[in-house]
Amino acid sequence: PFPDALDQFRKWCGEDVTFLTWGIDDQGILEQNIIIHDLDWDWIAGWVNLQTIYSLQTIGEKAFFQRKVLQSITIPDSVTSIGKNAFKECCSLQSVILGKGITEIPSALFANCNKLLHIKIMGNVTKIGAEAFKYCGMKSISLPDTVKHI
């Protein structure tokens, strides 16, 4: 039965689970089953619909805030805008590649990502917001010549 399967899955995954789905239907079906069986879903840290990532142009403010299991990210070239604090406090994040569509690194984007050691900026970034890399583990960063405001 579903409750037993979900319980086993929870034990296997541990705490702070982020579910990756392909389309909104997957999330809806899982939510319905959790409600029908009156199960606790507080242990689920979030949902990420992978279908939206492949056609994504904007990553919203706090979109991945405090996602403890996120270790690396590659922002595709199709993304042109990232909101403030989008990856703030992702304590396992170690490496980032920012695609060519990014022109601004907003405030506190990677703040408190203390394991972030490597970042590659592929785009035409012209501005880096306040505390974008505050309390990151990086020892150095190479910025493109296009950066005009820090």
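Structure: above.
Here's what I pulled together on the structure shown here. Quick caveat: nothing in here was measured; it's all calculated off a predicted structure.

**Describing the sheet that holds strand 8 (residues 118–121)**
Taken in spatial order, the three strands of this open sheet run 4-6-8, and their pairing is parallel. Strand pairing shows two members of the sheet lacking a second neighbour, strand 4 (72–75) and strand 8, which therefore form its edges. Ignoring strand direction, the axes of neighbouring strands in this sheet form an average angle of 5 degrees.

**A closer look at the pairing of strand 8**
Side chains of strand 8 alternate between two faces, with Ile 119 and Ile 121 buried and His 118 and Lys 120 left unburied. In terms of strand pairing, strand 6 (residues 95–98) meets strand 8 through four bridges, oriented parallel. Note that in strand 8 the partner of Ser 95 across the bridge is His 118.

**Observations regarding the packing of aromatic side chains**
A ring pair, where both rings are aromatic, is described by two values, the distance of the centres and the angle of the planes. One pass over the full model with this rule turns up three aromatic pairs. Look at Phe 64 and Phe 87: their rings are 5.2 Å apart centre to centre, the planes differ by 5 degrees, and that puts the pair in the stacked class. Within this pair, whereas Phe 64 is found in the loop between strand 3 (58–59) and strand 4, its partner Phe 87 is found in the loop between strand 5 (81–82) and strand 6, the two being separated by 23 residues in sequence. You can call Phe 64 buried: its relative accessible area is 17%.

**Here's the deal with a nonpolar patch on the surface**
Together, Ile 141, Leu 143 and Ile 150 make up an exposed nonpolar region whose accessible area comes to about 280 Å². Inspection of the secondary structure puts Ile 141 in the segment after strand 9 (127–128).

**Topic: the pattern of salt bridges**
According to the stated counting rule, one finds one salt bridge in the structure shown. The residue Lys 134 makes a salt bridge to Glu 131 at a minimum N-O spacing of 3.6 Å. A relative accessible area of 32% places Lys 134 in the partly exposed class.

**Observations regarding unusual backbone geometry**
Phi is positive for Asn 85, which is not a glycine, with a value near 60 degrees. The phi torsion at Tyr 135 lies on the positive side, around 60 degrees, for a residue other than glycine. Relative to the elements of secondary structure, Tyr 135 occurs in the segment after strand 9. In this structure Tyr 135 comes out as exposed when scored by relative accessible area, which is 57%.

**Brief notes about the environment of Gln 27**
With respect to the helices, strands and loops of the structure, Gln 27 is situated in helix 2 (residues 24–36). Residues Gln 27 and Val 48, spaced 21 residues apart in sequence, show a C-alpha to C-alpha distance of 9.0 Å. In this structure Gln 27 touches Thr 21 and Trp 47, once residues within four positions along its chain are discounted.

**Observations regarding the environment of Ala 63**
Along the polypeptide, Ala 63 turns up in the loop between strand 3 and strand 4. Each C-alpha atom of the pair Ala 63 and Asn 85 lies 7.9 Å from the other, and the pair is 22 residues apart in sequence.

Rules used in this analysis
- Residues numbered from 1 in each chain as written.
- Predicted model: local features only at pLDDT ≥ 70, side-chain atom pairs only at ≥ 80, totals over all residues.
- Heavy atoms only, no water.
- Pairing = 2+ DSSP bridges.
- Helix = DSSP H or I, 4+ residues; strand = E, 2+ residues; numbered from the N terminus.
- Axes fitted to C-alpha atoms, helices over the stretch in contact; angles between N-to-C directions.
- Buried < 20%, exposed > 50% of the residue type's maximum accessible area, 1.4 Å probe, protein only.
- Phe/Tyr/Trp six-rings, centres within 6.5 Å; stacked < 30°, edge-to-face > 60°.
- Patch = residues over 30% accessible without salt bridge, like charges linked within 9 Å, V, L, I, M, F, W, Y side chains within 5 Å.
- Areas by Shrake-Rupley, 256 points an atom, 1.4 Å probe, with all protein chains shown as cover.
- Salt bridge = Lys/Arg side-chain N within 4 Å of Asp/Glu carboxyl O.
- Contact = heavy atoms within 4.5 Å.

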